[in-house]
Amino acid sequence: MSLELSHEWQEVTGASSHDDCYTELAAAVVKQACKDYKAAIHRILREHDHEAALRMKADVEKFFRSAWFTMLCDLDGEALMKQFYDMEFHVWKRRFQR
């Protein structure tokens, strides 16, 4: 996943290059949220009422819709969530159609 810092983040932190530690931190936060979201969806598709996965999904969705997420990167949180859900659903569906 390639992430670009939002202009707001660059202004607030003074970050200017992709080698900057703030850029790496922002990218790490977003990447971890993506991993958590993917894992939560995977678990929910297998076990619909898994409480921890449902909580994780809700927390990450809140993050993806937040101003902080918008400040960290220029990705569309709603589109990202849809992409992860579609991808995980496709994998789940393919496994159970065999």
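A. Structural view of the overall build of the protein. The helix and strand tally for the protein stands at 5 helices and 0 strands. Counted from the first residue to the last, the protein has its helices and strands arranged as α-α-α-α-α. Expressed as a percentage of its 98 residues, the buried residues of the protein come to 31%. Within the structure as shown, the protein displays about 6800 Å² of accessible surface, and the carbon and sulfur contribution to it stands at 53%.

B. Structural detail: the packing of aromatic side chains. As enumerated under the stated definition, the model contains 8 aromatic pairs in all. For the pair Tyr37 and Phe64, a centre-to-centre distance of 5.6 Å together with 75° between the ring planes defines the contact as edge-to-face. Of this pair, Tyr37 sits in helix α2 (residues 21–46) while Phe64 sits in helix α3 (residues 51–64), placing them 27 residues apart in sequence. Comparing Tyr37 with Phe64 shows no difference in burial state: the two are buried. Taking 5.2 Å as the distance between ring centres and 70° as the angle between the ring planes, the aromatic pair formed by Phe63 and Trp68 counts as edge-to-face. Among the aromatic residues, those joined into a cluster by ring pairs are Tyr37, Phe63, Phe64, Trp68, Phe69 and Phe84.

C. Inspection of the confidence of the model for the protein at higher detail. When the pLDDT values of the protein are averaged, the result is 85; 79% of them are 70 or greater. Per-residue pLDDT, averaged within each element of the protein, yields its smallest value for helix α1 (residues 7–13) (66) and its largest for α3 (98).

D. Main features of the state of the cysteines. With the rule as written, the count across this model stands at 0 disulfides. Take Cys34: it sits in no disulfide, and the sulfur closest to it among the cysteines is that of Cys73, at 7.9 Å. A relative accessible area of 4% means that Cys34 is categorised as buried. Overall, the relative accessible area of 1% leaves Cys73 in the buried class.

E. Structural detail: α3. With 14 residues, α3 extends 20 Å between its outermost C-alpha atoms, agreeing within 8% with the 20 Å of an ideal straight helix rising 1.5 Å per residue. The set of residues buried in α3 consists of Ala53, Val60, Glu61, Phe63 and Phe64. Projected onto a plane normal to the axis of α3, the buried residues spread over an arc of 155° and lie on a single side. Residues of α3 that are exposed and angled more than 90 degrees away from the buried face: Glu51, Arg55, Asp59 and Lys62.

F. Structural detail: the nonpolar core. One finds Tyr37, Phe64 and Phe69 to be the most contacted residues of the largest nonpolar core, which totals 16 residues. Where this core is concerned, the elements lending two or more residues are α2, α3, α4 (67–72) and α5 (77–96). Of the residues forming this core, the biggest block, 7 residues, is contributed by α2.

Parameters at a glance
Residues numbered from 1 in each chain as written. Predicted model: local features only at pLDDT ≥ 70, side-chain atom pairs only at ≥ 80, totals over all residues. Heavy atoms only, no water. Helix = DSSP H or I, 4+ residues; strand = E, 2+ residues; numbered from the N terminus. Buried < 20%, exposed > 50% of the residue type's maximum accessible area, 1.4 Å probe, protein only. Areas by Shrake-Rupley, 256 points an atom, 1.4 Å probe, with all protein chains shown as cover. Phe/Tyr/Trp six-rings, centres within 6.5 Å; stacked < 30°, edge-to-face > 60°. pLDDT = per-residue confidence, 0-100. Disulfide = S-S within 2.5 Å. Expected span 1.5 Å × (residues − 1). Arc of directions from axis to C-beta. Core = buried A, V, L, I, M, F, W, Y, C linked by side-chain atoms within 4.5 Å.

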